[in-house]
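The chain contents come next:
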Amino acid sequence: MNLKKLFYYLNENQGRTISRKELDRLIAKKRNPKQRLRNPNNDSFDSAVIIGELELLGLLVKDRANYTITKPNLITARVSMNPAGLIFAVPRINAQAAKYRLRDVFVAPENNNGALSADMVQLQLIDRRRDRFEGEIVSITKRARRFHRFRVLSVQGDKHATGILLDMPGKFLSLVNLKGLPADTLRRVQPDTVLITSLSGRSVRYQNTNCLQASFVRFEDGSTADRDFERILLKYNLDPVYAEFPLHTYNPDRLNELDASEKKRLLKDRKDLRNLYTITIDGADSKDFDDALSLEIKSKRKWILYVHIADVSLYVEKDSPLDEEARRRTTSYYLANRVIPMLPPELSEELCSLIAGKDRFTVTAEIEIDQANGQIKSSSFYRSLINVNRRYTYNDAEFKLDDESEDPILSKLWQLATKQKQSRISIGRLDLEIPEATLQYDSSDQVTLVKKRSRLRSSMLIEECMLSANTAVAMFLRKRNAPTLYRIHAAMDETKLDVLNTFFNIYNIDFQMHDTEQSTIQEALAIVQKKGESESRIFNMLLLRAFMQAQYNPEPSGHWALAFTDYCHFTSPIRRYPDLVVHRSLLSLLTGKKQAYTQAEVESLAIETSEGERQSLEAERDILKLKLIRMIEQTGKTEFHGFLTGFRPDLVYLELEEFPVEGVVAAMHLSRDAELVLPDPFSVYIKRLSRPAFLGERWQLELDRIDTEAMRIYFKPIWGSSKDQAHQKPLRKKKR
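Cut-offs applied
- Residues numbered from 1 in each chain as written.
- Predicted model: local features only at pLDDT ≥ 70, side-chain atom pairs only at ≥ 80, totals over all residues.
- Heavy atoms only, no water.
- Buried < 20%, exposed > 50% of the residue type's maximum accessible area, 1.4 Å probe, protein only.
- Helix = DSSP H or I, 4+ residues; strand = E, 2+ residues; numbered from the N terminus.
- Contact = heavy atoms within 4.5 Å.
- Polar contact = N/O pair within 3.5 Å; in protein donor to acceptor, adjacent residues only side chain to side chain.
- Phe/Tyr/Trp six-rings, centres within 6.5 Å; stacked < 30°, edge-to-face > 60°.
- Salt bridge = Lys/Arg side-chain N within 4 Å of Asp/Glu carboxyl O.

A.B. asks: What am I meant to see in helix α7 (residues 227-235) here?
C.D. replies: D228, F229, R231, I232, L233 and L234 are the residues of α7 that are buried. Of the surrounding secondary structure, the elements contacted by the buried residues of α7 are β9 (148-156), β12 (194-206), β18 (333-335), β19 (338-340) and α18 (599-635). Put simply, D226 is the residue that caps the front of α7, since its side-chain oxygen is 3.1 Å from the backbone nitrogen of D228.

Right, dumping it as structure tokens:
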């Protein structure tokens, strides 16, 4: 399909009105017979589809029977790169448009204007091929990174060094200016040295090649900090140090020191719950305590659950410099044994943190629950003042859940949480059992021990209570049409069924899934659990990968995996910006003030916060991978086990059993050909074994090499293990 003339017309006629008939003519313009002969499949144009997609991208605005061409006729997009360095720009479209799943816009190398991975850009469409728009980057509005790691390839005296940018998909050449650097610094710039550089934003020609111009900042080995931690900070443009911002330092413990009017303002419409017995349950190393719990039993069936959440919005005013910084960070990053907080420590670890024995300002969800069935009967919300009586770690609480004499409410909370969980599973909630990996570190920030364990009951207790608060708040906001951020999760795509059913064949499980109903998935989980621990772990992992990704959305379209019609994130405003948005929306309703956000604002915030969350998950995975790679290097261990999780023509992916990290086996160990044969999405043909291998197969592995720079562990398969061979002979059943 060639639509160059259409896009040229749109660009030249920005701001004008055009009729549908004229648009159809531009889109369906006939080509000469020679063109049709060369491209017989491209002679058909679906005008309605193209116009609809241009509307979703914001390039056309419908006005009754006509359309207005937007001015400027540009798309705001985020750059995504594949491993080869090719750009596919992800349009920043609103949540309603996103459900149509527009394909990303392809940007050819000659049209990328120097854009790099995760940069924000302005994009102009120039063509459409194979149902995908093609574009040209007009401008880069925001660079994703301030600094880049750079490996020196060659040095040209004291003038410049050429090399490649690291931690970047593809290979991008860069030219670093060395002029004016001290002589001792110049002597250290040698091939293979890693520098920290800053890009100028310009490209220069050097030896007939385009190079990104950069300036020297420092040597990578010049820092005394944890090298892996520093690397992640650079890759994701994270700042571990909070700049100085004006802060509200309201300290509830020192209210009597305030003047009467200020004290009255802070306590207005705020319930004093300091005499209500309250506990927190958090990790042993936690400092940012968002939530606390209280419980009152009014009768055998009428139980009142109090979920107290830090009143962060009191300290962080909307659109203040501090709020802008929190919004930019989006979330706290938990990088191995360190935290990059969303809010400054003065708030996240002190004034907002619900520390035992300290008076703290909170927003409370008071929820009446029928203890007989765990269902929520009613709820109310208000600002409050609490004082936590006791702080538990998850491990402390775990051993006291069954003993009512240990704590006035802890065992009762566990009974309530159990009822709620049973009720929620009965209506379709999907509970995946994926063991958590806990890591221990030494004084040099290296991993010394990895343990896998199932979730603690104390963790489940907190989860159920938080779910109650989140769904209650979401329902309250939806019924009042408050512009806010909801947490949504779409149903699983039925195209994933083939992969899951192949698993049943491989592991000789007499079951097939014919739909993606929650009850069907629950049945599958129960059947696999009976088969064995190993099979259950593999199936849970495959199922998790088959799920759609949860995201933030201004539309309350429900959470499929949790089986909630209403759901939002309310319980962690210290570490998640969407929760702070929800607090502001809720409090504006409670106080009768103007809505905290407009619909346009939450549309934009939904995109920003979903992107920010995905980036934090990537950063957390990267640092974990680096730490585990270091540990594997130190142990000297060479033999492992893993199960297949994915395929590419050049390699296969495996999840290791011994460590929560992924490894790969190169095609050269599986076939004499350059590429592997991938007959379908869930198998790969292993020529060396003259048989296919399927997702979920268990292999014995020998360590081949570790590429720390690529964050990748390479293995060679060890064929012949009897235990593994049992898993490598899939039983192909007929579908029932």
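The structure having been displayed, the exposition proceeds.
A.B. asks: Please explain the packing of aromatic side chains as it appears in this structure.
C.D. replies: Note on aromatic pairs: each is described by the distance of the centres and the angle between the planes. Taken as a whole, this structure holds 16 aromatic pairs when the rule is applied. Consider the rings of F504 and F511, whose centres lie 5.3 Å apart with planes at 85°: the pair is edge-to-face. Accessibility assignment for this pair places F504 and F511 in one class, buried. Each member of the aromatic cluster is reached from another via a ring pair, and the members are F503, F504, Y507, F511 and F539.

A.B. asks: Is there a simple way to explain unusual backbone geometry in this structure?
C.D. replies: With glycine set apart, most residues show a phi of negative sign, and most peptide bonds adopt trans. Of the consecutive residues K71 and P72, the connecting peptide bond is found in the cis state with omega at 0°. The phi dihedral of D167 is positive, around 55°, even though this residue is not glycine. Within the secondary structure, D167 sits in the loop between β10 (160-165) and β11 (173-177).

A.B. asks: Explain the pattern of salt bridges to me, please; I cannot follow it from the model alone.
C.D. replies: For side chains bearing opposite charge, pairing can occur when the charged atoms are close. Tallied over the entire structure, the rule returns 54 salt bridges. Residues R537 and E657 are paired through a salt bridge, measuring 3.8 Å at the closest nitrogen-oxygen approach. Within this pair, whereas R537 is found in helix α16 (residues 533-546), its partner E657 is found in the loop between β28 (651-656) and β29 (662-666), the two being separated by 120 residues in sequence. The same class applies to R537 as to E657, namely buried. Residue E655 pairs with R545 through a salt bridge whose shortest N-O separation is 3.9 Å. Here E655 is found in strand β28, whereas its partner R545 is found in helix α16, with 110 residues between them in sequence. Salt bridges linked by common partners bring K421, R424, R429, D431, E433, R455, E463 and E464 together as one network.

A.B. asks: Got a minute to help me understand the environment of A118 in this structure?
C.D. replies: Here A118 lies in the loop between β6 (105-107) and β7 (120-129). A C-alpha to C-alpha distance of 28 Å links A118 and P556, two positions 438 residues apart in sequence.

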